[in-house]
Amino acid sequence: MSSLRYCLPLVLVCSLLQLNGQKINWMTWEEAVVANQAHPKKIFVDVYTDWCGWCRKMDSTTFIDSAVVSRLNADFYAIKLNAEQKESIFWKDKEYKWIAHKRDGVNQLAYDLLNGQLSYPAYVYMDSDFARKLVSPGYKIPIVIMKELKFVAEEHYKTTTWQEYKSKS
C-alpha cells in the first residue's frame, strides 16, 4: 500500500511531462495550403472566435489530450481559423474578406466552410484537395473527436456516411 502512495504521484508527474512536450502543430490557412502542396495531408479546421468560452475549453482540455494531439499531428494539417478575423484570406484566386454579420461580422471563408451555420466552436474536416468531408459543430470530448478524426483520416467517408459510421462504431 505504501509503494502505491509513491507510484501514483510519479505516474501523474510523468503524464504531465509527456503532455507538456506534445502540442498540436497549429497553422494558418495560408501555411497549411503551402505545406499541403509539398506534402498532401487531410485538413482539420478549428473555426473559433475570441469570445467563445467553449472554444477556450477545447484548447484547455480536448486539444491537449495526447491521443488527439498525436492523431492530428500525424494525419492532418491543423488550422486555427478565427471566424471573425478582419484580415483577408487569399485562396484559389479569391479574396475572402470580413463582412458585417449579426454581432461582430465574419470572414467569408469561415462562412463558406460552415455553410452559413455560424456556431462555435466548429470543426471542418477536409481531404488533401480541400474538399469538405465533415462539418462538426460544438464542444467535443476526446473520445468523440477521435472518432471523427478516424472517420476522415482512414477515409471511411468513401464507403459510408458519418451517421452510419457513428452508429456502428
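Keep in mind that this is a model prediction, so the values were computed, not measured.

(A) Representation of the nonpolar core in the model. In terms of nonpolar packing, the biggest core is built from 27 residues, with Trp29, Val45, Val47 and Leu81 touching the most fellow members. When residues of this core are traced back to their parent elements, those giving at least two are helix 2 (29–38), strand 2 (42–48), strand 3 (76–82), strand 4 (89–91), helix 5 (108–113) and strand 8 (122–126). In this view, Val47 contacts Leu81, Ala83, Ala110, Leu114, Tyr120, Pro121, Ala122 and Val124; residues no more than four positions away in its chain are not counted.

(B) Structural detail: the sheet that holds strand 3. Ordered by their spatial adjacency, five strands build an open sheet running 1-3-2-8-9, and the pairing between neighbours is mixed. Looking at the sheet topology across the chains shown, the edges are occupied by strand 1 (26–27) and strand 9 (132–137). Sheet topology note: the strand 2/strand 3 ladder contains seven bridges and is parallel. Bridged to Val45 within strand 3 is Ile79. Across the sheet, helix 2 is in contact with strand 1, strand 2, strand 3 and strand 8; its angle to strand 3 comes to roughly 160°.

(C) Local environment of the pairing of strand 2. For strand 2, a buried count of seven out of seven residues is recorded, marking the element as mostly surrounded by other parts of the structure. Side chains Lys42, Phe44, Asp46 and Tyr48 project from strand 2 onto one buried face, and the interleaved Ile43, Val45 and Val47 project onto a second face that is buried too. Direction of pairing for strand 2 relative to strand 8: antiparallel, over a ladder of five bridges. Each bridged residue has a counterpart across the sheet, and for Asp46 the counterpart in strand 8 is Tyr123.

(D) Highlighting the pairing of strand 9. Alignment of strand 8 against strand 9, held across five bridges, turns out to be antiparallel. Across the sheet, residue Ala122 finds its bridge partner in strand 9, namely Pro137. Linking strand 8 back to strand 9 in an antiparallel pair, the connection comprises five residues, with Phe130 at a positive phi of about 65°.

(E) Local environment of unusual backbone geometry. Following Tyr120, the chain continues into Pro121 via a peptide bond in cis, with omega recorded as -5°. Note on placement: Pro121 falls in the loop between helix 5 and strand 8. In this model, Lys92 sits at a positive phi of 50°, which is unusual for a non-glycine residue. The topology assignment puts Lys92 in the loop between strand 4 and strand 5 (94–96). Positive phi is not limited to glycine here, since Asn115 has a value of about 55°. Examined against the element boundaries, Asn115 turns out to sit in the loop between helix 5 and strand 8.

(F) Geometry of the side chain of Asp127. Considering the arrangement of structural elements, one finds Asp127 in the loop between strand 8 and strand 9. Within polar-contact distance, the side chain of Asp127 engages the backbone nitrogen of Ala131 at 3.0 Å. Every residue in contact with Asp127, bar those within four places of it in the chain, is listed here: Lys41, Lys42, Ile43, Lys133 and Tyr157.

(G) Seen up close, the state of the cysteines. In this structure the tally under the stated criterion is one disulfide. Across a sulfur-sulfur distance of 2.4 Å, Cys52 and Cys55 are joined as a disulfide pair. Taking the torsion about the sulfur-sulfur bond, which here is approximately 85°, the covalent link between Cys52 and Cys55 counts as right-handed. By relative accessible area, which is 5% here, Cys55 ends up buried.

Here is what the cut-offs are and how they apply
Residues numbered from 1 in each chain as written. Predicted model: local features only at pLDDT ≥ 70, side-chain atom pairs only at ≥ 80, totals over all residues. Heavy atoms only, no water. Core = buried A, V, L, I, M, F, W, Y, C linked by side-chain atoms within 4.5 Å. Buried < 20%, exposed > 50% of the residue type's maximum accessible area, 1.4 Å probe, protein only. Helix = DSSP H or I, 4+ residues; strand = E, 2+ residues; numbered from the N terminus. Contact = heavy atoms within 4.5 Å. Pairing = 2+ DSSP bridges. Axes fitted to C-alpha atoms, helices over the stretch in contact; angles between N-to-C directions. Polar contact = N/O pair within 3.5 Å; in protein donor to acceptor, adjacent residues only side chain to side chain. Disulfide = S-S within 2.5 Å.

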